[in-house]
Amino acid sequence: KDERYLEAQLKSILPELEMKTLPNEKVYLYSNYGFVLASYVAQSVTNTTYSRLATERILLPVGMTRSIYDLNVYSTYPVALPHVKDENGEIKVKHIITSDATRFGSGELFSNVLDLSKLIRLFLNKGVADSGERILKKESIEEMLTPMIKRDGEDHHGLAVHIRKFGDKHIYGH
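Nothing here was measured: the structure is a model prediction, and the numbers come from that model.

K.L.:
In this structure, what is going on with the pattern of salt bridges? I would like to understand it.
P.N.:
Pairs may arise between side chains of opposite charge once their charged atoms sit close together. Tallying each qualifying case throughout the model produces 7 salt bridges. Residue Lys-11 pairs with Glu-7 through a salt bridge whose shortest N-O separation is 3.1 Å. You can see Lys-11 and its partner Glu-7 sitting in helix 1 (residues 6-13), 4 residues apart, about one turn around the helix. As a salt-bridge pair, Glu-108 and Arg-103 come within 2.9 Å of each other at their nearest N and O atoms. Classification of Arg-103 as partly exposed rests on a relative accessible area of 35%. Sharing partners across several salt bridges, the network here consists of Asp-100, Arg-103 and Glu-108.

K.L.:
Would you explain a nonpolar patch on the surface in this entry?
P.N.:
Residues Val-79, Leu-81, Val-93 and Ile-97 make up a contiguous nonpolar surface patch of roughly 250 Å² in combined accessible area. Position of Val-93 among the secondary structure elements: in strand 2 (residues 91-93). Look at Val-93 and you get partly exposed, because its relative accessible area is 33%.

K.L.:
What is the right way to read the nonpolar core from this model?
P.N.:
In a soluble, globular protein the nonpolar side chains are often hidden away together inside. Membership of the largest hydrophobic core is limited to 10 residues, which are Ala-54, Leu-59, Val-62, Met-64, Tyr-69, Ala-101, Phe-104, Leu-122, Ala-129 and Ile-135. Ranked by residues supplied to this core, first place goes to helix 3 (residues 50-62) with 3 residues. Excluding anything up to four places from it in sequence, Phe-104 contacts Glu-3, Tyr-50, Ser-51, Tyr-69 and Ser-99.

K.L.:
Before we go on, may I ask you to explain the layout of surface pockets in this structure?
P.N.:
With a probe scaled to a water molecule rolled over the atoms, the places where space remains empty come into view. Roughly 1,500 Å³ of volume is contained in the largest pocket. Taken together, 35 residues line the largest pocket, and the ones lying closest to its centre are Tyr-50, Leu-119, Phe-123, Met-144 and Ala-160. Secondary-structure elements contributing two or more residues to the lining of the largest pocket are helix 2 (32-46), helix 3, helix 5 (113-124), helix 6 (138-145) and strand 6 (169-173). Residues belonging to the lining of the largest pocket are distributed by class as follows: 26 nonpolar, 7 polar and 2 charged.

K.L.:
Which parts of the structure should I look at to understand the sheet that holds strand 5 (residues 162-166)?
P.N.:
Paired through backbone hydrogen bonds, the strands of a sheet run either parallel or antiparallel to each other. Sheet architecture is open: 4 strands sit in the order 3-4-5-6, paired in antiparallel fashion. Of all the strands in the sheet, just strand 3 (149-150) and strand 6 have a single pairing partner and so form its edges.

K.L.:
I tried to follow helix 5 on my own but got confused; where do I start?
P.N.:
Side chains that are three or four residues apart share a direction in an α-helix, a result of its 3.6 residues per turn. With 12 residues, helix 5 should reach 16 Å at 1.5 Å per residue; the first-to-last C-alpha distance of 16 Å fits that figure. Where helix 5 begins, one side-chain oxygen reaches toward the backbone nitrogen of Leu-114, 3.0 Å away; that side chain belongs to Asn-112. Lys-126, located one to two residues past helix 5, shows a positive phi value of around 55°.

Conventions used here
Residues numbered from 1 in each chain as written. Predicted model: local features only at pLDDT ≥ 70, side-chain atom pairs only at ≥ 80, totals over all residues. Heavy atoms only, no water. Salt bridge = Lys/Arg side-chain N within 4 Å of Asp/Glu carboxyl O. Helix = DSSP H or I, 4+ residues; strand = E, 2+ residues; numbered from the N terminus. Buried < 20%, exposed > 50% of the residue type's maximum accessible area, 1.4 Å probe, protein only. Patch = residues over 30% accessible without salt bridge, like charges linked within 9 Å, V, L, I, M, F, W, Y side chains within 5 Å. Areas by Shrake-Rupley, 256 points an atom, 1.4 Å probe, with all protein chains shown as cover. Core = buried A, V, L, I, M, F, W, Y, C linked by side-chain atoms within 4.5 Å. Contact = heavy atoms within 4.5 Å. 1 Å grid on protein atoms, 1.4 Å probe; cavity = no way out; pocket = protein on both sides within 12 Å on 5 of 7 lines; lining within 4 Å. Points joined across faces, edges and corners; volume = space filled by probe spheres on them. Nonpolar A, V, L, I, M, F, W, Y, C, P; charged D, E, K, R; others polar. Pairing = 2+ DSSP bridges. Expected span 1.5 Å × (residues − 1). Polar contact = N/O pair within 3.5 Å; in protein donor to acceptor, adjacent residues only side chain to side chain.

Below you can see the structure in the form of structure tokens.
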């Protein structure tokens, strides 16, 4: 689906979703729809598609030149294909890769290890890319990495970041 259908999809899906908590309750409940809704707000405010916004404001300034949302372009690069277990538990190559532009805010980015390492360094450098350019405010990175709500055991969740305690260290992921 095309990003132009995001508003229509949200209008059809969001009213049908069951409320899991009251608005003032603090409980961990991961929601891709929350990220999709945030991407729609970003599109509406900037009058630009989310993929273009993310590419121009994050991916390219960070140097992530092989991370893209367009599956047609990405498939022209040498890539590792996803694998799945079949009905017998055997691992097989998944030959069909789907992409739905209305879910770009919650995923659907095609990337690679080298580009993702640049994103990790952006976080480690508190919002400064390898080029020295500040891409995100230091405070934004710190807020994303701050435990907001407790999950299982000693695990917490920041803004889009899972935080797991490992000895006296923290492991961040998504």
